[in-house]
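Next come the chains, spelled out residue by residue.
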Amino acid sequence: MKIELEQVEPAEIESRSMEIIESELPHEIDPKLAPIIKRAVHTAADFDYVDNLCFSEDVVDKALEAIKNGACIVTDTNMAKAGINKAELKKYGGEVFCFMSDDDVRDIAKKNGSTRARASMDKAASLDKPLIFAIGNAPTALIRLYELIQEGKLTPELIIGVPVGFVNVVQSKELIMQCDVPYIVARGRKGGSNVAAAISNALLYILRDQNK
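Everything quoted here is computed from the prediction, not taken from an experiment. What you see as residue numbers is a count from 1 along each chain, following the sequence as written. For a predicted model such as this one, the threshold for reporting local features is a pLDDT of at least 70, and the threshold for listing and counting side-chain atom pairs is 80 or more; totals across whole chains, interfaces and linings nevertheless cover every residue. As a rule here, side-chain values cover all heavy atoms of the structure and leave hydrogens and water aside.

A.B. asks: Teacher, can you tell me more about the overall build of the protein here?
C.D. replies: When helices and strands are counted, the protein shows 11 helices and 6 strands. Throughout, radius of gyration means the C-alpha value; the globule benchmark is 2.2 Å times the number of residues raised to the power 0.38. Here the protein has a C-alpha radius of gyration of 17 Å; the compact-globule value for 212 residues is 17 Å, and the two agree. With respect to the three principal axes, the spread of C-alpha positions in the protein is 60 × 40 × 30 Å. The contact rule is simple, with two residues in contact once any of their heavy atoms fall within 4.5 Å. Contacts in the protein between residues far apart in sequence, at least 24 positions, make up 63% of those at least 6 positions apart. Accessible area of the protein: about 11000 Å², with a carbon and sulfur share of 49%. Here the protein holds 26 positive side-chain charges and 32 negative ones, and the gap between their average locations is 6 Å. Helix numbering and strand numbering both begin at the N terminus, where a helix is a DSSP run of H or I of at least 4 residues and a strand a DSSP run of E of at least 2. In short, Shrake-Rupley with a 1.4 Å probe defines the accessible areas, and a residue's cover is counted only from the protein chains shown. All tallies of charge rest on Lys and Arg as positive and Asp and Glu as negative; His and the ends of each chain are not included. Just so you know, the charge point we use is NZ for Lys, CZ for Arg, CG for Asp and CD for Glu.

The following block contains the structure:
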């Protein structure tokens, strides 16, 4: 069997990928949400994100305004942190944090018999900064965020809730969608650190394109 390869210049691979995604979308999508949805699809090669990404009202406008006002991004994995475009975020005064490997987080988690993800959300809540949370791995991080919000200890600018897995993943996402905070959530079991980073970057790239 002869295999025909597309001839694509390296600099054009991403734009060609987006063209393919656009041509294979199962139905029309909201133009305002399209850059986020398509980047999630691109990252995971999974068109389920067309329908399983859930957006709170006016979330894109609220998220962009938060970034412009210097919001920082807190992740639950160093993989997500590595994938977020820190140079773009820095243009607006923000930075990316992940506390999962911090000694104090490890010690508190061990003392309390909790996950590091849960302890890292407590540490993040102590930051005197506007915060966006990009959670791609740990449902316990989302559950703790829900608790902190309900206790009046935290008011996130945005929660990107896309942990992947089986135990409390679905439930943790549903809890976030019950909160009175802006959210982008991948309903169901799918997600991942790469998707959390991709959604974060999609927002940053929307701003970048607006400023061209």
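A.B. asks: Help me understand helix α1 (residues 13-24), please; the structure alone is not making it clear to me.
C.D. replies: Structurally, the α-helix is built with 3.6 residues per turn, so residues lying three or four positions apart point the same way. Residue count minus one, scaled by 1.5 Å, sets the expected span of a helix. An ideal rise of 1.5 Å per residue puts 16 Å on 12 residues; α1 measures up with 17 Å between its terminal C-alpha atoms. Type-normalised accessible area, obtained with a 1.4 Å probe on protein chains alone, sets the label of each residue: buried when under 20%, exposed when over 50%, and partly exposed for intermediate values. Among the residues of α1, those classed as buried are S17, M18 and I21. Angular distribution of buried residues about the axis of α1 spans 100°; they occupy a single face of the element. Along its buried surface, α1 packs onto α2 (34-44). An arc is given here, and it is the one of the directions from the helix axis to the C-beta atoms.

A.B. asks: In this structure, what is going on with the nonpolar core? I would like to understand it.
C.D. replies: Inside soluble globular proteins, nonpolar side chains tend to come together where they are buried. Here, nonpolar core means buried Ala, Val, Leu, Ile, Met, Phe, Trp, Tyr and Cys residues that are tied together by side-chain atoms lying within 4.5 Å of each other. Ranked by internal contacts, the top residues of the largest apolar core, which has 43 residues, are I36 and L53. With 10 residues, the single largest contributor to this core is helix α11 (residues 193-210). Contact partners of L53, with chain neighbours within four places excluded, come to I36, I37, A40, I184, V185, A186 and I199. In this structure, C72, V74, A109 and A141 belong to the second largest nonpolar core, which totals 30 residues.

A.B. asks: Would you mind going over the pairing of strand β5 (residues 158-161) with me for this structure?
C.D. replies: As a general feature of sheets, a regular strand has side chains that alternate between the two faces. Covered by surrounding structure in β5 are L158 and I160 together with I159 and G161, the residues of both alternating faces. When DSSP finds two or more bridges between a pair of strands, those strands are recorded as paired. Strand direction decides the pairing type here: strand β4 (residues 131-135) and β5, joined by 4 bridges, are parallel. Bridge pairing in β5 links A134 to I160. Viewed along the sheet, the connection from β4 through helix α9 (residues 139-150) into β5 turns out right-handed. Here, the term right-handed applies to a crossover whose path from the first strand over the helix to the second runs clockwise when the strands point away from the viewer.

A.B. asks: Help me understand the side chain of T75 in this model?
C.D. replies: Following the sequence through the fold, T75 ends up in strand β2 (residues 72-75). When its relative accessible area of 0% is taken as the criterion, T75 is described as buried. N or O atoms closer than or at 3.5 Å make up a polar contact, with two conditions inside protein: a donor-capable atom paired with an acceptor-capable one, and, for residues adjacent in sequence, both atoms drawn from side chains. From its side chain, T75 meets the backbone oxygen of T77 in a polar contact 2.8 Å long. Those residues in contact with T75 that lie beyond four places of it in its chain are A80, K81, I84, V96, F97, C98, M121 and A134.

A.B. asks: Is there a simple way to think about the sheet that holds β5 in this case?
C.D. replies: Within a sheet, adjacent strands bond to each other through the backbone by hydrogen bonds, running parallel or antiparallel. As summarised here, the arrangement of the 6 strands in space is β1-β6-β5-β4-β2-β3, forming an open sheet in which the pairing is mixed. Strands with a single pairing partner mark the edges of an open sheet, and in this sheet they are β1 (53-55) and β3 (96-98). On average, each strand axis in the sheet is inclined to that of its neighbour by 15°, with strand direction left out of account. Sheet topology places β2 next to β3; 3 bridges connect them, and they run parallel. Counted as the bridge partner of I73 is V96 from β3. Lines fitted to C-alpha atoms define the axes, with helix axes restricted to the stretch in contact, and inter-axis angles between N-to-C directions lie between 0 and 180 degrees. Lying over the sheet, helix α10 (residues 169-177) contacts β1, β5 and β6 (183-186), oriented at roughly 155° with respect to β6.

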